[in-house]
Amino acid sequence: MKIRELTLENFRNYEDQTVEFQDGVNVFIGDNAQGKTNALEAIHMLAVGKSHRTARDPDCIRAGQLRAVVSGAVTVRNSQASLRVELTQGGKRAFVNGLSQAKLSDYVGRFQVVLFAPEDLQLIKGGPAQRRRFIDMELGQTHPSYLYHLGKYQRTLAQRNRLLKQPRVDWDSVAVFDAQLALHGAQVVCRRAQFVRQMRGYAREVYRQISDGRETLDVTYQLSLRTPDTEPASLDLSRVDDVRAWLEEALDHRKDADAAAGHTTVGPHRDDLAFTLADQPVHVFASQGQQRSIALSLRLAEIDFIHAETGDYPVLLLDDVLSELDDHRQRNLVMSMKEKLQTIITTTSLAPFHGMLHREMRLFHVHSGIITG
Amino acid sequence: MWGYPEPITRLIEQFMKLPGIGPKTAARLAFHVLSMPEPDVMQFAQALADVVHRLTECAICCNITEQSPCSICRDAARDDRVLCVVQDPKDVMAMERTHEFNGRYHVLHGAISPMEGIGPNDIRIRELVQRVGTTDIAEVILATNPNVEGEATAMYISRLLKPFPVTVTRIAHGLPVGADLEYADEVTLAKALEGRRQL
Ligand SMILES: Nc1ncnc2c1ncn2[C@@H]1O[C@H](COP(=O)(O)OP(=O)(O)O)[C@@H](O)[C@H]1O
Ligand SMILES: [Mg+2]
Ligand SMILES: [Zn+2]
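The model shown is predicted, which means the values in this text are computed figures rather than measured ones.

The grouping of V51, V52, L55 and I64 of chain B at the surface amounts to a nonpolar patch, some 340 Å² of accessible area in total. You can see V52 of chain B is positioned in helix α3 (residues 38-53).

Quick look at the structure:
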């Protein structure tokens, strides 16, 4: 996938701006607070219909304006498409080749991006909720039916938790929600575990490249309760029926604990991603630099995942991250990427690109909401 | 809202009790009523009063009716041995439009939803169990909505009906995901009825 052209109208600090990209490496250079991240946010919006840094769409509308528009020309598997997202205070509309899409889910999944930003360090340092969100976002983009099961699971969970909050729990009613919770929960667990299995190999390989093969990275999907009383020694996370039966049993087993807690204490809403480096848990042992490399590996692994699922490479957006990785690794990374996919990078200095032929990349200067080629 | 004559304020407040109607829409509706010919307004008011005064619940199927038992329960040509359980009176209408079903109905008036404070005792489940226990029914078709609450209700009922010598089936999910029965088109609904599975 490639983005050929991007137009921003009243988006963040841009009034009316068009940019033409080249294949390979594109670099936005400028001081802080000039609009570099805003430009990447717009490309993310064009792909996913959402900002990567705010859940409130109107934040993206230029101060004092009523409407923001992001539009672009993209190439996906050798065919051209024009995409357009319009934001107003009241809502948003998305268009493909000029045709308005009824639902956002009809829009997403055509043109895909992977964005790596400094905040991604939270994937390693932050809580399990951030890691689950990472999985949910990625699976939601590539497999819309995943969102169906996740939505049902969450709704059922909310109903069950309400029952658990009552002074005397009506277990007959809880039981009828348990069946559905296990049904959709097993789908969520198995699809996530499958995703993590795919990502594991990719992430390990990327990490090997950017760390010169000194340490081995491992990523696994971790069930919330790994105690002998709830998890059989050999639960196969690729077998939906087994996971469903286990979940049903675990829910039954945790009845007292759930009633005491006033909410459900087992299930995919409590699961996590676990990282180890040379068999040591990362959040305890890894250095800041290693943690950053792991977060980057995870994002770059998404590239291979999207390629495997869609047959095409996404566009890679790197926001201000090169200066945070050491020189050698950055170079390895950038050099390896530009061969197969289009990359758009923001930076405050050209130092990280030392040694790269400048004619290989297209440079854009960003200054107070104006981009010059 | 202050500044309007008192009767208008009161009418606006009444409209705001309806689902999905905010103050602006309520005001627009109230002023529309003002511009309507008086006979139309009186008919409107009468229709509102009639739904409370002239309608009652059928003593057999719990559907809303002017006369209990309702016309479906009184219809001797219908099959007593098949009972279709639905959430709302509107679902009976949807099912009737398919012309595929010739049994009897039972209307629950809702589905189990703890978040909305609706438990099994707040809908007509007890009446259903009593009916199954006292009449000669061979099959109970659970046609509650295919969403979380409708599924939970179907399962709750199927468990309660275990001791009785009836076959309990669930309407097939050819229905659009998350759709209410009421909005399903006739063909889809007829297919869902045809493809029902045993619980
Ligand atoms: N809705 C908006 N309207 C106008 N300006 C905005 C809006 N949102 C953010 N900005 C401006 O955008 C600038 C930040 O841009 P950003 O892309 O994050 O900077 P950087 O170049 O450091 O990545 C700030 O000057 C901020 O005031
Ligand atoms: Mg920035
Ligand atoms: Zn009746």
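Residue and element names in this part refer to chain A. Approximately 470 Å³ is the volume found for the largest pocket. Lining the largest pocket are 20 residues, and of these H52, D120, R133, M137 and R299 sit closest to its centre. The set of elements that each furnish at least two residues to the lining of the largest pocket consists of α1 (36-48), β8 (113-116), α3 (122-125), α4 (128-142) and α10 (288-310). Per-element accounting of the lining of the largest pocket gives the leading share, six residues, to α4. When grouped by side-chain class, the residues that make up the lining of the largest pocket number eight nonpolar, six polar and six charged.

Of the residues lining the interface, 16 residues belong to chain A; the matching set on chain B comes to 16 residues. With both sides pooled, the region where chain A packs onto chain B buries about 1,400 Å², and carbon together with sulfur makes up 66% of that total. Looking only at chain A, the three residues that lose the most surface to chain B are R155, Q159 and V176 of chain A, adding up to 34% of its buried area. One can count one salt bridge joining chain A with chain B. Taking the shortest distance from any N to any O, the salt bridge between E149 of chain B and R155 of chain A comes out at 2.7 Å. Inspection of the region where chain A meets chain B yields seven residue pairs in polar contact (both at pLDDT 80 or more). Listed by contribution, the elements that provide at least two residues to the side of chain A that touches chain B are α5 (144-164) and α6 (171-210) of chain A. Sort the elements by how many residues they give to the side of chain A that touches chain B and α5 of chain A lands first, with eight residues.

What follows concerns the nonpolar core. Counting 106 residues, the largest nonpolar core has I3, F11, F21, F28, I43, F111 and I344 of chain A as its most contacted members. Here this core gets 14 residues from one element, more than from any other, and that element is α6 of chain A. Among all residues touching F28 of chain A, those that are not within four sequence positions of it are V19, F21, K36, A39, L40, I344, I345, T346, T347, F364, V366 and I371 of chain A. In this structure, V174 of chain A together with V85, L108 and L161 of chain B belong to the second largest nonpolar core, which totals 25 residues.

Tallied over the full model, the rule gives seven aromatic pairs over all chains. With a centroid separation of 5.3 Å and 70° between ring planes, the pair formed by Y4 of chain B and F31 of chain B is classed as edge-to-face. Note that Y4 of chain B is positioned in the segment before α1 (6-15) and F31 of chain B in helix α2 (residues 23-35), a separation of 27 residues in sequence. For Y4 of chain B, a relative accessible area of 35% corresponds to the partly exposed category. Among the aromatic residues, those joined into a ring-pair cluster are F21, F28 and F364 of chain A.

It is worth spelling out the sheet that holds strand β7 (residues 99-100) of chain A at this point. Residues and elements named next belong to chain A. The antiparallel open sheet is built from six strands, whose spatial order is β2-β1-β4-β5-β6-β7. Only two strands of the sheet have a single partner each, and these edge strands are β2 (14-20) and β7. In the sheet, strand β5 (residues 79-88) pairs with strand β6 (residues 92-96) via five bridges, with the strands oriented antiparallel. Bridge assignment links L83 to a residue of β6, and that residue is V96.

Definitions and limits used
- Residues numbered from 1 in each chain as written.
- Chains lettered and ligands numbered in written order.
- Predicted model: local features only at pLDDT ≥ 70, side-chain atom pairs only at ≥ 80, totals over all residues.
- Heavy atoms only, no water.
- Patch = residues over 30% accessible without salt bridge, like charges linked within 9 Å, V, L, I, M, F, W, Y side chains within 5 Å.
- Areas by Shrake-Rupley, 256 points an atom, 1.4 Å probe, with all protein chains shown as cover.
- Salt bridge = Lys/Arg side-chain N within 4 Å of Asp/Glu carboxyl O.
- Helix = DSSP H or I, 4+ residues; strand = E, 2+ residues; numbered from the N terminus.
- 1 Å grid on protein atoms, 1.4 Å probe; cavity = no way out; pocket = protein on both sides within 12 Å on 5 of 7 lines; lining within 4 Å.
- Points joined across faces, edges and corners; volume = space filled by probe spheres on them.
- Nonpolar A, V, L, I, M, F, W, Y, C, P; charged D, E, K, R; others polar.
- Contact = heavy atoms within 4.5 Å.
- Buried area = accessible area lost by both parts, 1.4 Å probe.
- Polar contact = N/O pair within 3.5 Å; in protein donor to acceptor, adjacent residues only side chain to side chain.
- Core = buried A, V, L, I, M, F, W, Y, C linked by side-chain atoms within 4.5 Å.
- Buried < 20%, exposed > 50% of the residue type's maximum accessible area, 1.4 Å probe, protein only.
- Phe/Tyr/Trp six-rings, centres within 6.5 Å; stacked < 30°, edge-to-face > 60°.
- Pairing = 2+ DSSP bridges.

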